[in-house]
Amino acid sequence: MEDVDKQQTRVVFWTWIGVITIGLTVMIALPLAGR
Amino acid sequence: MRKVIRDNGLSLAFLTIFLLALLGQSFAGHAYTNEQLQQHHQPPVGYFDFITSSDFLVDVAENWQSEFLQFFLFILATVWLIQRGSPESKKPGDEGVGGDKEQLVGEHARSDSPRWARAKGVRLWAYSNSLLILMGTIFLLSWFAQSVGGQVVANEENAQHGSPPLTWIEYVASPDFWNRTLQNWQSEFLAVGAMVVFSIYLRQRGSSESKPVGAPHGASSVESE
């Protein structure tokens, strides 16, 4: 895999981790805050 | 740009339809909630208030937890259990975690293997199980999210009916929590089992989830390659 492809694949991976992390954070924090 | 989309089409397509479906769920859920409020002669709730409410979040969380549990169990089960003829399974006799040579770890790692595949001890163990660990962690966190969101919703209803609020422990032992949980689990387990079994005899030409069309029914994915 070329460097540019490796970079893109990493961006895709971390985007998914980011989306899931944001989702989990919101779904845990707001109910705990009594929303 | 075209190459980026082609190289990552699967993940981009699913990210897009995930976001669209979540947006659709938020619109439909908002409309449904306001219908219910109207029937009870209560004022409507705003869209932003709805999507940040436990009412909406618990519905999202209960589906997330079951999906990640499904993959967690499937990844774990396919290490040790076999279904003869399924492309989702290893072939009979290959049960277990495999040897170091086959897994390209330690001294058998190649020059292009991930760095942690060359490591030893805890680092190699962690990397060897990293997919399962991540899926399991997301499952537990989304299940926890379901429990705290569900508790808020249940206690709002309790307050309306003059019942005392439930503690978190009381809520996770309640029928509501397990009804939300198990109604999602049953469908995941059914669909995974069906996929494992149906793919023994049925094919989808061109899909990585299927054996080649002409592969024999008795061959697993590894044998049919």
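Structure's up top.
Residues numbered from 1 in each chain as written. Chains lettered and ligands numbered in written order. Predicted model: local features only at pLDDT ≥ 70, side-chain atom pairs only at ≥ 80, totals over all residues. Heavy atoms only, no water.

Trainee: Just give me the short version of the environment of B:Pro114, but keep the residues and values in it.
Mentor: All names here are of chain B. Secondary-structure assignment places Pro 114 in the loop between helix H5 (100–103) and helix H6 (121–128). On the accessibility criterion, Pro 114 (39% relative accessible area) is partly exposed. Sequence separation between Pro 114 and Pro 165 is 51 residues, and the spatial gap between their C-alpha atoms is 51 Å. (Helix = DSSP H or I, 4+ residues; strand = E, 2+ residues; numbered from the N terminus. Buried < 20%, exposed > 50% of the residue type's maximum accessible area, 1.4 Å probe, protein only.)

Trainee: Describe the side chain of B:Ser199, with residues and values.
Mentor: Relative to the helices and strands, B:Ser199 resides in helix H9 (residues 175–201). A polar side-chain atom of B:Ser199 sits 2.6 Å from the main-chain carbonyl oxygen of B:Met195. (Polar contact = N/O pair within 3.5 Å; in protein donor to acceptor, adjacent residues only side chain to side chain.)

Trainee: Now, about the packing of helix H1 (residues 3–32) of chain A against helix H4 (residues 54–80) of chain B: what can you tell me, with residues and values included?
Mentor: Their axes nearest at 10 Å, the elements H1(A) and H4(B) cross at an angle of 135 degrees. Judged by the angle between their axes, H1(A) and H4(B) are oblique. The element H1(A) and its partner H4(B) pack so that their crossing is left-handed. For the pair formed by H1(A) and H4(B), the contact residues are A:Val19, A:Ile20, A:Gly23, A:Leu24, A:Val26, A:Met27, A:Leu30 and A:Pro31 on the first element and B:Ser54, B:Leu57, B:Val60, B:Ala61, B:Trp64 and B:Phe68 on the second. Of the residues belonging to the contact of H1(A) with H4(B), the class tally is twelve nonpolar, two polar and no charged. (Axes fitted to C-alpha atoms, helices over the stretch in contact; angles between N-to-C directions. Parallel < 35°, antiparallel > 145°, perpendicular 65-115°, else oblique. Left-handed = near helix turned anticlockwise from the far one by under 90°. Contact = heavy atoms within 4.5 Å. Nonpolar A, V, L, I, M, F, W, Y, C, P; charged D, E, K, R; others polar.)

Trainee: Can you tell me about the nonpolar core, naming the residues and giving the values?
Mentor: A:Ile20, A:Leu24, A:Met27, B:Trp64, B:Phe68 and B:Phe139 are the most contacted members of the largest nonpolar core, which has 22 residues in total. Taken together, the elements giving at least two residues each to this core come down to H1 of chain A together with H4, helix H7 (130–160), helix H8 (168–172) and H9 of chain B. Those residues in contact with B:Phe139 that lie beyond four places of it in its chain are B:Gln65, B:Phe68, B:Leu69 and B:Trp185. (Core = buried A, V, L, I, M, F, W, Y, C linked by side-chain atoms within 4.5 Å.)

Trainee: Explain the interface of chain B and chain A residue by residue, including any values.
Mentor: Facing the 26 residues of chain B at the interface are 18 residues of chain A. Buried area between chain B and chain A, summed over both chains or domains, comes out near 1,900 Å², and the portion from carbon and sulfur atoms is 76%. Three residues stand out in chain B for area buried against chain A, namely B:Leu15, B:Leu57 and B:Trp64, and they jointly supply 25% of the buried area on that side. Along the contact surface separating chain B from chain A lie two salt bridges. (Buried area = accessible area lost by both parts, 1.4 Å probe. Salt bridge = Lys/Arg side-chain N within 4 Å of Asp/Glu carboxyl O.)

Trainee: Lay out the packing of H4(B) against H9(B) in plain terms, naming residues and giving numbers.
Mentor: Residues and elements named next belong to chain B. Contact geometry for H4 and H9: axes closest at 9 Å, N-to-C directions at 35 degrees. The element H4 and its partner H9 pack so that their crossing is right-handed. Contacts between H4 and H9 pair Val 58, Asp 59, Glu 62, Asn 63, Gln 65, Ser 66, Glu 67, Leu 69, Gln 70, Leu 73 and Phe 74 from the former with Arg 180, Thr 181, Gln 183, Asn 184, Trp 185, Glu 188, Phe 189, Val 192 and Val 196 from the latter. Looking at the contact of H4 with H9, its residues break down into eight nonpolar, seven polar and five charged.

Trainee: Could you give me a rundown of the environment of B:Val105, with the residues and numbers involved?
Mentor: All names here are of chain B. Positionally, Val 105 belongs in the loop between H5 and H6. Linking Val 105 and Arg 118, residues 13 residues apart in sequence, is a C-alpha distance of 5.7 Å. Contact partners of Val 105, with chain neighbours within four places excluded, come to Asp 100, Ala 117 and Leu 124.

Trainee: Account for the packing of aromatic side chains, with residues named and values stated.
Mentor: Applying the stated rule across the entire model yields 14 aromatic pairs over all chains. Arranged with centres 5.1 Å apart and planes meeting at 85 degrees, the rings of A:Phe13 and A:Trp14 form a pair that is edge-to-face. For A:Trp14, a relative accessible area of 55% puts it in the exposed group. These aromatic residues form a ring-pair network of at least three members: B:Phe139, B:Trp143, B:Tyr171, B:Phe177, B:Trp178, B:Trp185 and B:Phe189. The side chain of B:Arg123 reaches across the aromatic face of B:Trp116, ending 5.2 Å from its centre. (Phe/Tyr/Trp six-rings, centres within 6.5 Å; stacked < 30°, edge-to-face > 60°. Lys NZ or Arg CZ within 6 Å of the ring centre and 35° of its normal.)

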